[in-house]
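# Architecture and fold: a report
In case you want the letters, here they are:
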Amino acid sequence: MSTNPNSATRKAQEALGLRLRELRKDAGLTGRELATATGWHFTRVSKLEHGVQAPSNEDIRLWCVACSAEGQIQDLIAQAHTVESMYLEFKRQARAGMKQMMLAPVPLEERTERFLIYEHHVIPGFFQTASYTRAMLQFWFGFLDVRNDIDEAVAARLNRQSVLYDGGKTFAVVLEEAALYTRFGDVDTLAGQLDRLLSVMSLPNVAIGIVPRNVERAVVGQVSFWVFDDKLVSLETPTASIEITAPQEVAMYGRMFDHLRQPAVYGKDARALVIKAQDELADGN
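Just so we're clear, the structure is a prediction, and the values are computed from it rather than from any experiment.

With that out of the way, let us pick up the overall build of the chain. When you go through the chain residue by residue, the secondary structure sums to 13 helices and seven strands. Structurally, the chain occupies a C-alpha span of about 75 × 45 × 35 Å along its principal axes. For the chain, buried positions account for 46% of its 285 residues. Counting contacts in the chain only where the partners sit at least 6 residues apart, residues at least 24 apart contribute 76% of the total.

Below, the structure is given as structure tokens:
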């Protein structure tokens, strides 16, 4: 693992160091006592605890053994791996074209059986029409300054939708009502997308809940996120995707999903919100 993390992962590495420090303190050990138990120079303990240096798997194992916390080893290793690979820059991923970035999640999606999806402003990629995808992606070629392969990128995203028709997979989706009104492209593009959403809502393995804009709620989602089999969480910033695999953090996203879907409506009530959006779109034009 790199000993010079970029700023995007530094906070995650510091959080890992904090967990290591808490284990040491819970064990009643000073930094020098831990260093003696592991055979390290005492400055190494400080570097690991303050996120200056990333721990290897063996570092974590030795630390946990010294602190009589063997049960924490696998979770901490997973968190360390997250620090190493969580920040996947879009510009680097799209050097060979946006198509490759669209195809990157395919292996994960193919092996996932249970998807939890929360989106607040866009329709999820699995449900998008070609026109909606094209309109949404067009901006990113110029923003990321990468080669424009829009036709190939759109085709790649649409091909990923085949997982919807795998009866062994389930999709639990929560959309904010605002996502029904976000305009990518012209009126016909959004109208076609809303039709597609109604069609997808009839699939037996897809449960789409929509949170009404005026509903009373306990929490709002700060970011959109996807959970894959309770093992990995994926979310995006304007410049990169972030993957989280630490079991404790993944579990917290699962809990947040449960809170976010509590005020959502399903079935005919959800369809009514989509039809309402269609009617308002038609009345406005």
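A word on the packing of helix α9 (residues 130-144) against helix α10 (residues 150-159). Orientation of α9 relative to α10, taken along the N-to-C sense of each, is 130°, at an axis distance of 10 Å. The angle between α9 and α10 places the two elements in the oblique class. Note that α9 runs across α10; the crossing there is right-handed. On α10, the residues touching Ala130, Thr133, Arg134, Met136, Leu137, Gln138 and Phe141 of α9 are Ile150, Asp151, Ala153, Val154, Arg157 and Leu158. Within the contact of α9 with α10, the residues separate by chemical class into eight nonpolar, two polar and three charged.

Attention now goes to the pattern of salt bridges. Close approach of charged atoms allows side chains with opposite charge to pair. For the structure on display, the rule yields 12 salt bridges. Residue Arg24 is joined to Glu49 by a salt bridge in which the shortest nitrogen-to-oxygen separation is 2.5 Å. Residue Arg24 is located in helix α1 (residues 7-26), and its partner Glu49 is located in helix α3 (residues 42-49); the two are separated by 25 residues in the primary sequence. Across the salt bridge formed by Arg44 and Asp59, the nearest N and O atoms sit 2.6 Å from each other. Of this pair, Arg44 sits in helix α3 while Asp59 sits in helix α4 (residues 57-66), and the two are 15 residues apart along the sequence. For Arg44, a relative accessible area of 23% puts it in the partly exposed group.

This part takes up unusual backbone geometry. The backbone phi angle of Ser68 is positive, close to 55°, even though this residue is not glycine. Checked against the element boundaries, Ser68 lands in the loop between α4 and α5 (73-85). By relative accessible area, which is 63% here, Ser68 ends up exposed. Of note, the phi angle at Asp229 is positive, near 55°, even though the residue is not glycine.

Further remarks concern the side chain of Arg24. Note on Arg24: relative accessible area 10%, which makes it buried. Reaching out from Arg24, the side chain makes a polar contact with the backbone oxygen of Leu29 at a distance of 2.9 Å. Once residues lying within four places of it in the same chain are set aside, the contact partners of Arg24 are Leu29, Thr30, Gly31, Leu34, Val45, Glu49, Trp63 and Cys67.

With that out of the way, let us pick up the packing of aromatic side chains. According to the stated counting rule, one finds 13 aromatic pairs in the structure shown. Geometrically, the ring pair formed by Trp40 and Trp63 is tilted, given 6.1 Å between the ring centres and 45° between the ring planes. Of the two residues, Trp40 sits in the loop between α2 (31-38) and α3 while Trp63 sits in helix α4, which places them 23 residues apart along the sequence. Taken individually, Trp40 and Trp63 each receive the classification buried, so the pair is uniform in this respect. When the centroid spacing of 5.3 Å and the interplanar angle of 25° are considered together, the rings of Phe139 and Phe143 count as stacked. Of this pair, Phe139 and Phe143 are both found in helix α9, four residues apart, which corresponds to roughly one turn of the helix. The class for Phe143 is partly exposed, based on a relative accessible area of 43%. If you follow Arg44 out to its NZ or CZ, it ends over the ring of Trp40, 5.2 Å from the centre. The aromatic ring of Tyr181 is capped on one face by Arg213, whose charged end is 4.3 Å from the ring centroid.

What follows deals with the packing of α2 against α4. Helix packing for two helices is described by the angle between their axes and how far apart those axes are. One way to put it is that α2 packs onto α4 with a least axis distance of 9 Å and a crossing angle of 115°. Relative to α4, α2 is oriented roughly perpendicular. Crossing hand, α2 versus α4: right-handed. Across the interface between the two elements, Leu34, Ala37 and Thr38 from α2 touch Leu62, Trp63 and Ala66 from α4. Class assignment of the residues belonging to the contact of α2 with α4 gives a composition of five nonpolar, one polar and no charged.

The rules we used
- Residues numbered from 1 in each chain as written.
- Predicted model: local features only at pLDDT ≥ 70, side-chain atom pairs only at ≥ 80, totals over all residues.
- Heavy atoms only, no water.
- Helix = DSSP H or I, 4+ residues; strand = E, 2+ residues; numbered from the N terminus.
- Buried < 20%, exposed > 50% of the residue type's maximum accessible area, 1.4 Å probe, protein only.
- Contact = heavy atoms within 4.5 Å.
- Axes fitted to C-alpha atoms, helices over the stretch in contact; angles between N-to-C directions.
- Parallel < 35°, antiparallel > 145°, perpendicular 65-115°, else oblique.
- Left-handed = near helix turned anticlockwise from the far one by under 90°.
- Nonpolar A, V, L, I, M, F, W, Y, C, P; charged D, E, K, R; others polar.
- Salt bridge = Lys/Arg side-chain N within 4 Å of Asp/Glu carboxyl O.
- Polar contact = N/O pair within 3.5 Å; in protein donor to acceptor, adjacent residues only side chain to side chain.
- Phe/Tyr/Trp six-rings, centres within 6.5 Å; stacked < 30°, edge-to-face > 60°.
- Lys NZ or Arg CZ within 6 Å of the ring centre and 35° of its normal.

In short, the description is geometric, and any link to function would need to be established separately.
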